[in-house]
Structure formats: C-alpha cells, structure tokens
Amino acid sequence: MRRTAVPSNAPGRSGPAAVLCGLAGWVPPRVVTNEELAERLDTDDTWIRTRTGIRRRHIADPGQATSDLAVEAGRRALRSAGTGTADTVIVATTTPDRPCPATAPLVATRLGLAGAAAFDVGAVCTGFVYGLATAAGLIAAGVAERVLLIGADTYSTIVDPLDRANAIIFGDGAGAVVLRAGDPDEPGAVGHFDLGSDGAHEDLITVAADGSRRRATDRQPTHAERHFAMRGKEVYRHAVTRMAASARTALSGAGWTIGDLDHFVPHQANLRILHSVADDLGLSRDRCVTNVDARGNTGAASLPLALADAMAADRIRPGDRLLLTAFGGGLTWGSCLLTWPELTLNPQPERITP
C-alpha cells in the first residue's frame, strides 16, 4: 500500500496551480429503467433501489464507443471554458476503444486538437481524481498551460447483461473539465490531493481476459473471464474505509475540518456506500452530492457528471468548498479539495453524432 499526499496549491509551492475553468457532462440518450432490467433478470425495482439507490441508467447505443462519449463531453467542456484549445488531453477510462492505442489521441484529433499531448489514465473508478492530480502536476511543472481532462466509460461493453449483481449498477457516460494555469489562491484551484493503492486486492474488481496475463497462456478465456467481475461485500468494506481515510488525509493537508465543507462529492458507486462514507466522516447526508439514482455507476465519469448535474440544479455555487473522493479497482483511491469557481455550464444536446 502506498499513500501520497500532494498539496499542489500549498503556500510556498513554486509554479502555477491548476484552476478549473470549464465543466460538462454527457450521457447517451437511451435510458434503461429498473423495470426494463427486471424483464430479463431475477429482480425488481424495489430490490434494486433498496440495495443501490439506482432507478435508471443511460446505456450507449450499438456502435457507440467510449471515444464518442468523450468527444461530446470534451467539446462541451471547452465551450464552457470559452476556448477551443488545450495543449494536453487526458482520458480516464476503464473501457478504451481498443487495448492499443490509447483513446485520448483519437479524442484530441476529433476535437481539433491534433498535436496536443494525449494519453489515457487507467485507475478504474478513481481515474478522474488521478487525472486531476496528473493535470495539476503538468501545469505546476510548466509542461502544460491548459488541460482537457475527460472521464468516460461504457461499462455496458464489459458487464454481462445477464449478470444480476452488476448489470443493475453500471451505466455509460462521460464528464469533462478544463484546467488552466492560474493562481493557487483563486477559486477553482485544485489541490491537497491524497492518492493511494493496494495491488494485493486486485482480484476484487477485475476483467480477467484480454490482457497479457491471460494472453500469455494457451487456455481460451471463459465467458465469465471476458466480463466485469466484482466481489461486492469486500469491495463495500474497502470502499468505505479507504474513501473515508483518504478524505481525512486531504482535509488535514489543507488545514480544513469537516465543518468547513459545503459539499462532499464521492464517486457514485451506489447510495449505500456514499451514505456510509458520509456517516463515517461525520457529515450530514444532505451535504453528499449524488446523482446515482439517475445515472448509475459510470466509472471514471461519475465525479464530473455528478458535478455537472449538481451545478445544473444550482446546488453547487461559487465559493462553496468541495471534497472529491473516489475508490476503484486496483485497488485505488484518491481525494482532492477545491473552492468552486464561477463557471458557465453548456446544456447537453439531444443526441450524439457517431
């Protein structure tokens, strides 16, 4: 296990800070309700809502890939920032278009950003927080001036549609932010990161096939090995413990207390986990920003989507203090803090252009 506290906007630190200046979310138009899932699974709406808090989720249409969702979210984030340019594009995803090459260069080119540095971040559901820390480091080092960070996942492509345990949880979506070089003291400056991992538990959340470990053997992967698998009870325990501890470390690094927070924005795993983390931290649940009921778990997209939905509902306002926390396969976890800036949010259009 390794834990790293990174106070990127701490007093006395040299170099510019990464400042949030654009935000957007995108989900594909197709909505799948609990009632629709109940038609093919041994379940019902009440059972799903009681255990997950999810009522519906959005699923990509046949032929839509992760890059399609990422491009739509990225384009809107750039518009939100009032710019059409970025010198770096980072895509956090567990479901890249292909094992090779990375998805980010294609996304950058489709957005008219050919020539920009572009790469993927793979930290499963913690990918967006890891991406934020990476972007902050690039900006602080002077390597980048403006970074487009996109969290995008199409879990419908890796979850077995007949898997009662996981098909009810996951949805597809993308969320994006634009980060520019700015002053550590201005609203929107991200920092006081806490990142960690524990590879001893890699088997808790996994897709066993299609990587070099399975390809190095002569045996053909089974149907189950080709799909997403998660040991739910153990994941629940680790998620609550790791997210709460990471949140406390980030708060301590900033000199903030729980009482200083206006909003707690966790990875949208399921409602029971979110409430358990809030309870562990001593936060009232009404300060926990959630959209899991309408989006499901969208992996690396869940944090920016939750932020975009909360901003659209006028729940998050300029000057609010936010704590972002995530947990994912690996195991990985991470947290960061920021004070919310003035932003313009672009509405989602009616459809994606493939």
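(A) Structural view of the packing of aromatic side chains. Counted by the stated rule, this structure contains three aromatic pairs. Ring centres of Tyr155 and Phe228 lie 5.7 Å apart, and the angle between their planes is 80°; on these two criteria the pair is classed as edge-to-face. With Tyr155 in the loop between β7 (146–154) and β8 (172–182) and Phe228 in the loop between α6 (212–215) and β11 (229–230), this pair connects stretches of sequence that are 73 residues apart. Each member of the pair Tyr155 and Phe228 is classed as buried. Look at Phe170 and Phe228: their rings are 4.9 Å apart centre to centre, the planes differ by 70°, and that puts the pair in the edge-to-face class. Taken together, the positions of Phe170 in the loop between β7 and β8 and Phe228 in the loop between α6 and β11 put the pair 58 residues apart, joining distant regions of the chain.

(B) Spatial organisation of helix α5 (residues 127–140). With 14 residues, α5 extends 20 Å between its outermost C-alpha atoms, agreeing within 8% with the 20 Å of an ideal straight helix rising 1.5 Å per residue. In the segment just after α5, Gly142 is the residue with positive phi, at about 80°.

(C) Layout of the pattern of salt bridges. In this structure the tally under the stated criterion is 16 salt bridges. As a salt-bridge pair, Arg242 and Asp198 come within 3.0 Å of each other at their nearest N and O atoms. Taken as a pair, Arg242 in helix α7 (residues 232–254) and Asp198 in the loop between β9 (191–197) and β10 (205–206) lie far apart in primary sequence, 44 residues in all. For Asp198, a relative accessible area of 12% translates into the label buried. Salt-bridge contacts for Asp280 lead to Arg248; the nearest nitrogen and oxygen are separated by 2.8 Å. With Asp280 in helix α8 (residues 271–281) and Arg248 in helix α7, the pair connects residues that are 32 residues apart, well separated along the chain. Residue Asp280 is classed as partly exposed on the basis of its relative accessible area of 37%. If you follow the salt bridges from partner to partner, you end up with Glu72, Arg75 and Arg76 in one network.

(D) How the structure looks around α7. If you check α7, its first and last C-alpha atoms are 33 Å apart, about what 23 residues at 1.5 Å a residue would give, namely 33 Å. Here α7 has its buried residues at Val235, His238, Ala239, Val240, Arg242, Met243, Ala244, Ser246, Ala247, Ala250 and Leu251. A positive phi of about 75° marks Gly255, the residue just after α7.

Cut-offs and rules
Residues numbered from 1 in each chain as written. Predicted model: local features only at pLDDT ≥ 70, side-chain atom pairs only at ≥ 80, totals over all residues. Heavy atoms only, no water. Phe/Tyr/Trp six-rings, centres within 6.5 Å; stacked < 30°, edge-to-face > 60°. Helix = DSSP H or I, 4+ residues; strand = E, 2+ residues; numbered from the N terminus. Buried < 20%, exposed > 50% of the residue type's maximum accessible area, 1.4 Å probe, protein only. Expected span 1.5 Å × (residues − 1). Salt bridge = Lys/Arg side-chain N within 4 Å of Asp/Glu carboxyl O.

By themselves, these observations are geometric and do not establish any function.
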